[in-house]
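The chain contents come next:
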Amino acid sequence: AKERQAIAEALAARRPPRTVPNRVNQLEALELDAELTEMLSDQFKRVFAFFRPGLLQDLKPESDALFGFVIAFFSICSGSQTPGNVFQNLVYVDRARTHLPSSRLAPPVRRQRIGYLLLFVVLPYIWARGSRVVERREWGARPEGEWRRRAWVLMQRLEAWYRCAATVN
């Protein structure tokens, strides 16, 4: 009887197995979300096709951020999944709370949802807008020792590193 009780206690205390989703599915979900954003942007461009030429090109970082925010707000922030995650059968969970014996799949907490917005909406917007400012003000044409030129070189290297890492990934 003691052996059965010890086995039952060991099984009850055992953590559920961690399931790690396939990295390919995660990347495809991100790609599907990016394609959905691009589809929404294309529709937006058609609406404003007869406005001043170049207007939408000037506002592309803002429109991408707007559509990314809309998708994230109506999916992640409302407790659901992004469309790409739905198609790939992926679920965002809070790993810290999921492994508690009393919980199954705990949804992300508010801090994690804000982190998602910052990482996938705000940071790309800041990078795109900053790159445009640097390009328009021609920081790459400045003299070698100037801080703007060094910042431009750093941005070019960071972007090259990011593209290389994304390709390898």
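Preceding this section is the structure that the text describes.
What you are looking at is a predicted structure, and each value in this text was computed from that prediction instead of being measured. (Residues numbered from 1 in each chain as written. Predicted model: local features only at pLDDT ≥ 70, side-chain atom pairs only at ≥ 80, totals over all residues. Heavy atoms only, no water.)

Visitor: With reference to specific residues and values, describe the overall build of the protein.
Guide: Summing up its helical and strand segments, the protein has 8 helices and 0 strands in all. In the protein, the order of α-helices and β-strands from amino to carboxyl end is α-α-α-α-α-α-α-α. For the protein, the residues scored as buried account for 20% of the 169 residues in total. In the protein, of all internal contacts separated by at least 6 residues, the share reaching a separation of at least 24 is 55%. When the accessible area of the protein is evaluated, it comes to approximately 13000 Å², of which 62% is carbon and sulfur surface. (Helix = DSSP H or I, 4+ residues; strand = E, 2+ residues; numbered from the N terminus. Buried < 20%, exposed > 50% of the residue type's maximum accessible area, 1.4 Å probe, protein only. Contact = heavy atoms within 4.5 Å. Areas by Shrake-Rupley, 256 points an atom, 1.4 Å probe, with all protein chains shown as cover.)

Visitor: Which residues make up the packing of aromatic side chains, and what are the values?
Guide: Inspection of every chain in the model, using the stated rule, returns 7 aromatic pairs. Ring centres of Trp 139 and Trp 147 lie 5.4 Å apart, and the angle between their planes is 70°; this geometry places the pair in the edge-to-face category. Three or more aromatic residues joined by ring pairs form one cluster here, namely Phe 44, Phe 48, Phe 51 and Phe 67. (Phe/Tyr/Trp six-rings, centres within 6.5 Å; stacked < 30°, edge-to-face > 60°.)

Visitor: Could you give an account of the pattern of salt bridges, naming the residues involved and the relevant values?
Guide: Using the criterion set out here, one finds 8 salt bridges in the structure. The shortest N-O distance in the salt bridge between Asp 58 and Arg 136 comes to 2.9 Å. Taken together, the residues span a long stretch of sequence, with Asp 58 in helix 3 (residues 55-58) and Arg 136 in helix 7 (residues 110-136) at a distance of 78 residues. In this structure Asp 58 comes out as partly exposed when scored by relative accessible area, which is 26%. The shortest N-O distance in the salt bridge between Glu 146 and Arg 142 comes to 3.8 Å. Within this structure, Arg 52, Asp 58 and Arg 136 form a network of salt bridges that share partners. (Salt bridge = Lys/Arg side-chain N within 4 Å of Asp/Glu carboxyl O.)

Visitor: Break down the side chain of Asp 33 for me, citing the residues and quoting the values.
Guide: With respect to the secondary-structure elements, Asp 33 resides in helix 2 (residues 23-47). You can call Asp 33 buried: its relative accessible area is 9%. Of the polar contacts made by the side chain of Asp 33, one reaches the side chain of Thr 82; its length is 2.8 Å. (Polar contact = N/O pair within 3.5 Å; in protein donor to acceptor, adjacent residues only side chain to side chain.)

Visitor: Any chance you could break down the nonpolar core for me, citing the residues and the numbers?
Guide: Core analysis: the largest hydrophobic core is formed by 5 residues, namely Ala 72, Ile 76, Tyr 116, Leu 117 and Val 121. The dominant element in this core, judged by the number of residues it contributes, is helix 7, at 3 residues. Beyond its immediate chain neighbours, meaning those up to four positions away, Leu 117 contacts Phe 69, Ala 72, Cys 77 and Val 122. (Core = buried A, V, L, I, M, F, W, Y, C linked by side-chain atoms within 4.5 Å.)

Visitor: Outline unusual backbone geometry, supporting the account with residue identities and numerical values.
Guide: The backbone of Asn 89 shows a phi angle near 60°, a positive value even though the residue is not glycine. Residue class for Asn 89 comes out exposed when judged on its relative accessible area of 70%. Even without a glycine there, the phi angle at Glu 138 is positive, about 55°. Of note, Glu 138 is situated in the loop between helix 7 and helix 8 (147-168).

Visitor: Give me the lowdown on the environment of Glu 62, citing residues and values where you can.
Guide: Mapping Glu 62 onto the fold places it in helix 4 (residues 60-74). The class for Glu 62 is partly exposed, based on a relative accessible area of 28%. Once the C-alpha coordinates of Glu 62 and Ala 128 are considered, the two residues, 66 residues apart in sequence, prove to be 9.1 Å apart. Those residues in contact with Glu 62 that sit more than four places away from it in its chain are Tyr 125 and Arg 129. Polar side-chain contacts of Glu 62 include one of 2.6 Å to the side chain of Arg 129.

Visitor: Quick rundown of the packing of helix 4 against helix 7? Include the residues and the values.
Guide: The N-to-C vectors of helix 4 and helix 7 enclose an angle of 175°; their axes lie 9 Å apart at closest approach. With respect to each other, helix 4 and helix 7 are oriented roughly antiparallel. Together, Lys 60, Pro 61, Glu 62, Ala 65, Gly 68, Phe 69 and Ala 72 of helix 4 and Tyr 116, Leu 117, Val 121, Tyr 125, Ala 128, Arg 129 and Arg 132 of helix 7 make up the contact between the two elements. Residues belonging to the contact of helix 4 with helix 7 are distributed by class as follows: 9 nonpolar, 1 polar and 4 charged. (Axes fitted to C-alpha atoms, helices over the stretch in contact; angles between N-to-C directions. Parallel < 35°, antiparallel > 145°, perpendicular 65-115°, else oblique. Nonpolar A, V, L, I, M, F, W, Y, C, P; charged D, E, K, R; others polar.)

Any functional reading would require information that these geometric values do not contain.
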